[in-house]
Amino acid sequence: MGILTTIAPQWALKRHMARSALNLSAHADGGGFDGAKRTRRFKNWRLSKDTAQNDVNAGAEILRDRARDLDKNNHIAHGALSTKLQYVVGGGLLPEPAIDHEYLGITSAEAEIMNAQIKRHFMGWANDKRSDYTEQKNFFQKQAEVYHSKNRDGDAWCLLPWVTDKGFAYNTRLHTIDPDRISTPRGTKESDTLQRGLQLDGRGRIKSMHISKRHPGGRHPLKKGDWQTISYKRRNGWPNVLHLAHKNNRAGQITGTPDLTPVISLIKQLGQYIDAELLATIIANKFTVFVKSTTPGAAAGLSPGGGLNQPGAPENQASGDDTLELGNGLIVQLDPDEEITVANPTRPNPNFGPFIDKAATHIGSALGIPSELLLKHFTASYSASKAALLMFANFVSMEQLGLVRDFCRPCYDIILDEAVGNGEIVLPGYMADPIARAAYLTCYWHGAPIGEIDELKAANAAAKRLEIRVTNRTIESRRHGYDSDQVRQGLASEQRKDSAAGLVADAATPYVPPGKTNSIDDEE
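Residues numbered from 1 in each chain as written. Predicted model: local features only at pLDDT ≥ 70, side-chain atom pairs only at ≥ 80, totals over all residues. Heavy atoms only, no water.

Draft legend 1. Geometry of the packing of helix H8 (residues 264-285) against helix H9 (residues 352-367). Direction vectors running N to C along H8 and H9 enclose 165 degrees, while the axes themselves pass 11 Å from each other. Looking at the two axes, H8 sits roughly antiparallel to H9. Crossing hand, H8 versus H9: left-handed. Contact with H8, carried on its side by Leu-266, Ile-267, Leu-270, Tyr-273, Ile-274 and Glu-277, involves Phe-352, Phe-355, Ile-356, Ala-359, His-362 and Ile-363 of H9 and no other residues of that element. Here the residues of the contact of H8 with H9 are counted per class, giving ten nonpolar, one polar and one charged. (Axes fitted to C-alpha atoms, helices over the stretch in contact; angles between N-to-C directions. Helix = DSSP H or I, 4+ residues; strand = E, 2+ residues; numbered from the N terminus. Parallel < 35°, antiparallel > 145°, perpendicular 65-115°, else oblique. Left-handed = near helix turned anticlockwise from the far one by under 90°. Contact = heavy atoms within 4.5 Å. Nonpolar A, V, L, I, M, F, W, Y, C, P; charged D, E, K, R; others polar.)

Here it is as structure tokens:
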């Protein structure tokens, strides 16, 4: 450029201007990114430039209604939501108190006694259906309800009313609310601080919420004054409402979207395709024949669904009501000038299965479920099936952490606060020291295990981990969905019964590593 400027400054200027124009053109057309170019193939790509919450508000109602309809009427959507519910929640996530005895200055033996006491009181509340405001479900059944609502509707809301019932030691109740009931009261204008029934403060936190006294889709329409305002927190700082939002990952987003949102259109069309193929197969399986005649006008008596009028037919076979039909094992005599032609069916479609499998792969990738689990159909090798289970296990672990964080742990904390406040449990320093309170509230949660394809290989792997001391029996018990204390108590009880019966247990067999194999698929 420097030499050209010296020799031919006019050419250099034109060259510089041309380069600047090209750079400006590239910047205007997406900065050189193919995905940002304004070409014809992106002509009909409609984009939203609104805030996260405004985007959600615009489509929340229709997305929720469509997701519910798919859950009720589409087997793939229902199967996906049910699979997540089965593996993430199952029979319920169980608490395992593990207080920080080092900070509290107590021995591990004393901590074990306190852990057992804390768990006993919490389970007394959790297993009782009186923990539910309507007394229909216990705490573990409520876990399944709120998790399924979060996935299906995008949000789950649970009020924590204070109710006094005679004969029940705890006053905290779980009252789940249909997301449809949370809305802006009639006659009230929405604003930046009031969106879809949620009243926000200056920092964007939920301050209160407006809940209709009846469902908006009920028999009686809502009128002005049919809403009540609920504070999001109690005066003492305890939560008054628990909110579980699905995928509120964008800054400024408060409520969530249904889990099926990315694949609603795909699942709906796939369901229509399955119905069409099923109907075509049913029709093809109807053994259809066509009567051909060389006599002019002989087919005049034939009509769709009817047959040929014959002399001497019963009187009830009047014109327009003929019912000549095919049957099982019938022998029908044709006239000399008549013959039949059989339709050649093209169903079942041989490409139906592979197409469904491929579509399920795309749906499963969007929902975090391997296609094998989505379709409940395992046909791959051991290693491929194991990889699918491992990937799904990571997903389940993250989902369980979210459920514990947003629902299980707040309930656990409130019940323990109430138990200490009522004098049911004595925990020194619990109310006075926030750090001591956190030490008392330390708790692990575990649910049902994912399961193993080969239990022997899993057991050998667990024994090896114990041998090289990268785990312990408590962790291994929790990995399989068991409480280590219950396992230990069960083993001790068995030993006592065996001793009382005069049985001598064999010495523990030392761990022998399995022999090496050439492939992990050798046992298929």
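Draft legend 2. Geometry of the packing of helix H3 (residues 52-73) against H8. Where H3 contacts H8, the two axes come as close as 11 Å, and the packing angle between them is 35 degrees. Once H3 is placed against H8, the crossing between them reads as left-handed. Where H3 abuts H8, its residues Leu-63, Arg-66, Ala-67, Asp-69 and Leu-70 lie against Ile-264, Ile-267 and Lys-268. Residue composition of the contact of H3 with H8, by class: five nonpolar, no polar and three charged.

Draft legend 3. Layout of helix H11 (residues 382-421). Maximum bend of H11: about 50 degrees, positioned at Val-404. Just downstream of H11 lies Gly-423, where phi reads positive at about 80 degrees. (Bend = angle between axes of the 7 residues up to and from the residue.)

Draft legend 4. Spatial organisation of the pairing of strand S6 (residues 206-212). The buried fraction of S6 amounts to six of the seven residues, a majority that puts the element mostly inside the structure. Both S6 and strand S7 (residues 227-231) contribute to a ladder of five bridges, which runs antiparallel. If you follow Ile-211 over to S7, its bridge partner there is Gln-228. (Buried < 20%, exposed > 50% of the residue type's maximum accessible area, 1.4 Å probe, protein only. Pairing = 2+ DSSP bridges.)

Draft legend 5. Region of the structure containing the sheet that holds strand S8 (residues 241-245). Sheet architecture is open: three strands sit in the order S3-S2-S8, paired in antiparallel fashion. Of all the strands in the sheet, the pair left with one neighbour each is strand S3 (175-177) and S8. Between one strand axis and the next, the sheet turns through 25 degrees on average, direction left out of account. Direction of pairing for strand S2 (residues 155-159) relative to S8: antiparallel, over a ladder of five bridges.

Keep in mind these numbers describe shape, not what the thing actually does.
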